[in-house]
Amino acid sequence: MTAQLIDGLALAQQTRAQVAQRAAAFEQKSGRKAGLTVVLVGENPASQVYVRNKVKACEAAGMKSELIMLPADTSQAALLTKIDQLNADTSVDGILVQLPLPSQIDSHRVIEAIAADKDVDGFHVANAGALMTGAPQFTPCTPYGVMKMLESIGTPIRGAHAVIVGASNIVGKPMAMLLLAAGATVTICNSKTRDLPAMTRQADILVAAVGRPKLIDASMVKPGAVVIDVGINRLDDGKLAGDVDFESVKPVAGAITPVPGGVGPMTIAMLLVNTMESAERRLV
Ligand code: GUN
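This report concerns the structure included in the present document. (Residues numbered from 1 in each chain as written. Predicted model: local features only at pLDDT ≥ 70, side-chain atom pairs only at ≥ 80, totals over all residues. Heavy atoms only, no water.)

### What about the environment of Leu79?
With respect to the helices, strands and loops of the structure, Leu79 is situated in helix α3 (residues 76-88). Linking Leu79 and Ala128, residues 49 residues apart in sequence, is a C-alpha distance of 22 Å. (Helix = DSSP H or I, 4+ residues; strand = E, 2+ residues; numbered from the N terminus.)

### Some thoughts on the sheet that holds strand β2 (residues 35-41)
Backbone-to-backbone hydrogen bonds join strands into a sheet, with any given pair of strands oriented parallel or antiparallel. Judged by pairing direction, the sheet is parallel, and its three strands sit side by side in the order β3-β2-β4 without closing on themselves. Either end of the sheet is taken by a strand with one partner, and the two such strands are β3 (64-70) and β4 (94-97). Along the sheet, successive strands turn relative to each other by an average axial angle of 15 degrees, direction set aside. Pairing of β2 with β3, which is carried by seven bridges, proceeds in the parallel orientation. (Pairing = 2+ DSSP bridges. Axes fitted to C-alpha atoms, helices over the stretch in contact; angles between N-to-C directions.)

### Observations regarding the pairing of strand β8 (residues 226-229)
Of the two faces of β8, the one holding Val226 and Ile228 and the one holding Val227 and Asp229 are both buried throughout. Examined bridge by bridge, strand β7 (residues 205-208) and β8 share four bridges and lie parallel to one another. When the bridges of β8 are listed, Ala208 appears paired with Asp229. Two strands pair when backbone bridges link them, and β8 and strand β11 (residues 255-256) are joined in this way by two bridges, in the parallel orientation. Bridge pairing links Val227 to Ile256 in β11. (Buried < 20%, exposed > 50% of the residue type's maximum accessible area, 1.4 Å probe, protein only.)

### Comments concerning a nonpolar patch on the surface
A surface patch of nonpolar side chains, about 300 Å² in accessible area, is lined by Val49, Tyr50, Ile232 and Leu240. Judged by relative accessible area, which is 47%, Val49 ranks as partly exposed. (Patch = residues over 30% accessible without salt bridge, like charges linked within 9 Å, V, L, I, M, F, W, Y side chains within 5 Å. Areas by Shrake-Rupley, 256 points an atom, 1.4 Å probe, with all protein chains shown as cover. Salt bridge = Lys/Arg side-chain N within 4 Å of Asp/Glu carboxyl O.)

### Regarding the nonpolar core
Counting 52 residues, the largest nonpolar core has Met63, Leu150, Leu179, Ile228, Val230 and Met276 as the members making the most contacts within it. In terms of residues, this core owes the most to one element, helix α10 (residues 263-283), which gives ten residues. Excluding its chain neighbours within four sequence positions, the residues that come into contact with Val230 are Thr142, Val146, Val171, Val207, Ala208, Ala209 and Val263. Val165, Leu196, Ala203 and Ile216 belong to the second largest nonpolar core, which has 18 residues in total. (Core = buried A, V, L, I, M, F, W, Y, C linked by side-chain atoms within 4.5 Å. Contact = heavy atoms within 4.5 Å.)

### Points about the site of the ligand
Taken together, Lys54, Leu96, Val97, Gln98, Leu99, Asp121 and Phe123 make up the full set of residues adjacent to the ligand. Backbone polar atom of Val97 to a nitrogen atom of the ligand: 2.8 Å apart, as the coordinates give it. A distance of 3.3 Å is found between a nitrogen atom of the ligand and a side-chain nitrogen or oxygen belonging to Gln98. Tallied by class, residues from the shell around the ligand come to four nonpolar, one polar and two charged. (Near = heavy atom within 4 Å. Polar contact = N/O pair within 3.5 Å; in protein donor to acceptor, adjacent residues only side chain to side chain. Nonpolar A, V, L, I, M, F, W, Y, C, P; charged D, E, K, R; others polar.)

### Describing the sheet that holds β8
Taken together, six strands build an open sheet; the order of strands is β1-β11-β8-β7-β5-β6 and the sheet is parallel. The sheet is open, and its two edges are formed by β1 (4-5) and β6 (185-189), each paired on a single side.

### Here we look at the side chain of Thr74
Looking at where Thr74 falls in the secondary structure, it is placed in the loop between β3 and α3. Judged by its relative accessible area of 8%, Thr74 is buried. Among the polar contacts listed, one links the side chain of Thr74 to the backbone oxygen of Pro71, at a separation of 2.5 Å.

### What to know about the packing of helix α6 (residues 141-152) against α10
Interhelical geometry of α6 versus α10 gives an angle of 110 degrees and a closest axis separation of 8 Å. One element, α6, and the other, α10, form an angle in the roughly perpendicular class. Between α6, through Cys141, Thr142, Tyr144, Gly145, Val146, Lys148 and Met149, and α10, the contact on the second element is made entirely by Val263, Met266, Thr267, Met270, Leu271, Val273 and Asn274. Looking at the contact of α6 with α10 residue by residue, the classes come out as nine nonpolar, four polar and one charged. (Parallel < 35°, antiparallel > 145°, perpendicular 65-115°, else oblique.)

### Things to note about the pairing of β2
A large share of β2 lies buried, amounting to seven of its seven residues. Across the two faces of β2 the burial is the same, with Gly35, Thr37, Val39 and Val41 and Leu36, Val38 and Leu40 all buried.

### Examining the packing of helix α2 (residues 45-60) against α10
For the pair α2 and α10, the least separation of the axes is 10 Å and the interaxial angle reads 55 degrees. Between α2 and α10, the interaxial angle falls into the category oblique. For the element pair α2 and α10, the recorded crossing hand is right-handed. Contact with α2, carried on its side by Asn53, Lys54, Ala57 and Cys58, involves Ile268, Leu271 and Leu272 of α10 and no other residues of that element. Per-class residue counts for the contact of α2 with α10 are five nonpolar, one polar and one charged. (Left-handed = near helix turned anticlockwise from the far one by under 90°.)

What follows is the structure, encoded as structure tokens:
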């Protein structure tokens, strides 16, 4: 057996085309473009690539996007002032502050300063709480994209055992909430989990989101499982690798996402969906 490939690139293109239609309709109705502002503090090379891709995708979908690049030594007060301005700017529908932030800045404080109704990442406590209690306003982009990928291949979720490796606020925790809401039995593993392979081998749906290259090999995967690789790791030779050892796992899994071309493009597509959603809500 060899796993079905889940083509995140193709699904993202479809999603982005749908957003472009909504963006055109929005502009016609409101007389302005839906707008996302992305804030990057510092010079993390991976973050620079991510934010540029986010801005480019917005523009390609007919939305307005501004990238604010601040120096690495920006103070927390200066960043909070900037966020206040964006909160008050009626042409801004979505605000995204790229994480991680430099150590002098408390990321919790910054996320809580973003107006919850412009928090297209879905990281604000109000949005995290709304997701947890079953009425999400904005669903965090990466887990949202993963749900769309599972849906695209008709993965049965009700009653399935989903095992998530990684418990971050960005991916692991919201992923667990979404799978739970869809009827899965969910196990969240972390770096202290004893006998990780014994856990992952139980998974009908395995989501790897830890940032450890090729952590998941074939011996850790139940035959036929759907394996979602959220990791994007730069190897010493410059190549990208996921958290899943793709070549090893492919013959065992039922379906698998590649890196690159898997979850990454869907994260961006869902950011556009959330921004569009925000703009449409603010219009009515
Ligand atoms: N850093 C890594 N992923 C993300 C994301 O989805 N949003 C933000 N703001 N920062 C990130």
